Amino acid sequence: MAFTQETRTVVIGGTSGIGSAVADALARRPGEVLRAGRSNGLDVEDPKEVAVYFAAIGPVDHVVFTAGSQAPGGPVSGLDLEAAKTAFDTKFWGAVAVAQAAAKHVRPGGTITFTSGFLARRTVPGTFVKTAMNAALEAGAKVLAKELAPVRVNVVSPGLTDTSAYAAMDPAARTAMLNKAAETLPAGRFARPADVAAAYLLLIDNSSMTGAVIDVDGGALIN
């Protein structure tokens, strides 16, 4: 689907990090890009609020969901279940609420693209919540790709990415952490938001891709 001045894209989580990079890339194309998220008044944990948002903006062509959550880590034996449920409410159930609401407004041939993470398919002790949440998103997206056709539904799965998620770290410690991680990756580098944004554009542009998961992880899954 070619972009025109009438093309409308919604980026949930588009005010920071990867979502901002996606929105910036799309803003260089014809059409309108709407950035939505908690920072500007949209709480994806409230399905009614999400439904009202999409009903208000009307027909859209592409929806990108990059909203994240702070998932608790550590062994399941000591897991904070309330924090785990809150993480799911944002990233998993928030994505479901967006898909449910957006499905009524995405034009045929349009797209919905979710965001998971490489831990969906990488077994790392202490990451139960992140693994379960991201794996659920990837599996669910494949079902939605069949249910919502001809709307195409896909997933981008990032690995380590230098985003504002690490803004609270000491700059020197942040650089050291990223560089050390890059040394272990087959690609020899960590990702920048623009690297990951390119994957969303691929899924939006390639009309033969649906039910797909694109990994942008520097090779972490084959390590």
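All of these numbers come straight from a predicted model, not from anything done at the bench.

*Asks:* Would you explain the side chain of Asp61 in this entry?
*Replies:* Examined against the element boundaries, Asp61 turns out to sit in strand β3 (residues 60-65). Classification of Asp61 as buried rests on a relative accessible area of 4%. Reaching out from Asp61, the side chain makes a polar contact with the side chain of Arg107 at a distance of 2.6 Å. Apart from residues no more than four positions distant in its own chain, Asp61 is found in contact with Met1, Glu6, Thr7, Arg8, Val106, Arg107, Gly110 and Thr111.

*Asks:* Even after reading the chapter, I still don't get the packing of helix α2 (residues 47-57) against helix α3 (residues 81-102), so can you show me in this structure?
*Replies:* When two helices pack together, you describe them by how their axes are tilted relative to each other and by the distance separating the axes. Packing of α2 against α3 brings their axes to within 9 Å, and their N-to-C directions diverge by 35°. Handedness of the crossing formed by α2 with α3: right-handed. Across the interface between the two elements, Pro47, Val50, Ala51 and Phe54 from α2 touch Ala97, Val98, Ala101 and Ala102 from α3. Tallied by class, residues from the contact of α2 with α3 come to eight nonpolar, no polar and no charged.

*Asks:* What should I look at first to understand the environment of Asn134 in this one?
*Replies:* Relative to the elements of secondary structure, Asn134 occurs in helix α4 (residues 128-147). What makes Asn134 buried here is its relative accessible area of 4%. Taking the C-alpha atoms as reference points, Asn134 and Val50, separated by 84 residues in sequence, lie 21 Å from one another.

*Asks:* Hey, could you run me through the pattern of salt bridges in this one?
*Replies:* Side chains bearing opposite charge may pair, as long as their charged atoms lie close to each other. A full pass over the atoms with the stated rule returns 11 salt bridges. Salt-bridge contacts for Glu32 lead to Arg8; the nearest nitrogen and oxygen are separated by 3.2 Å. Highlighted residues: Glu32 in strand β2 (residues 32-36) and Arg8 in strand β1 (residues 8-12), separated in sequence by 24 residues. With a shortest N-O distance of 2.6 Å, Asp61 and Arg107 are connected by a salt bridge. Taken as a pair, Asp61 in strand β3 and Arg107 in strand β4 (residues 106-115) lie far apart in primary sequence, 46 residues in all. One continuous salt-bridge network, built from bridges that share partners, spans Arg38, Asp43 and Glu45.

*Asks:* So what exactly am I meant to see when it comes to the sheet that holds β3 here?
*Replies:* Each strand in a sheet pairs with its neighbour through backbone hydrogen bonds, running either in the same direction (parallel) or in the opposite one (antiparallel). Read across the sheet, six strands follow the order β2-β1-β3-β4-β5-β6 without closing on themselves; strand pairing throughout is parallel. Pairing within the sheet leaves two strands with one partner each, and these edge strands are β2 and β6 (213-216). Taking the axes of each pair of neighbouring strands and ignoring which way they run, one obtains an average angle of 15° across the sheet. Bridge analysis of β3 against β4 gives four bridges, and the strand direction is parallel. Each residue of the ladder has a partner; that of Val63, found in β4, is Ile112. Its contacts with the sheet place helix α6 (residues 193-205) against β3, β4, β5 (152-158) and β6, and it is angled at close to 165° to β5.

Basis of the calculations
Residues numbered from 1 in each chain as written. Predicted model: local features only at pLDDT ≥ 70, side-chain atom pairs only at ≥ 80, totals over all residues. Heavy atoms only, no water. Helix = DSSP H or I, 4+ residues; strand = E, 2+ residues; numbered from the N terminus. Buried < 20%, exposed > 50% of the residue type's maximum accessible area, 1.4 Å probe, protein only. Polar contact = N/O pair within 3.5 Å; in protein donor to acceptor, adjacent residues only side chain to side chain. Contact = heavy atoms within 4.5 Å. Axes fitted to C-alpha atoms, helices over the stretch in contact; angles between N-to-C directions. Left-handed = near helix turned anticlockwise from the far one by under 90°. Nonpolar A, V, L, I, M, F, W, Y, C, P; charged D, E, K, R; others polar. Salt bridge = Lys/Arg side-chain N within 4 Å of Asp/Glu carboxyl O. Pairing = 2+ DSSP bridges.

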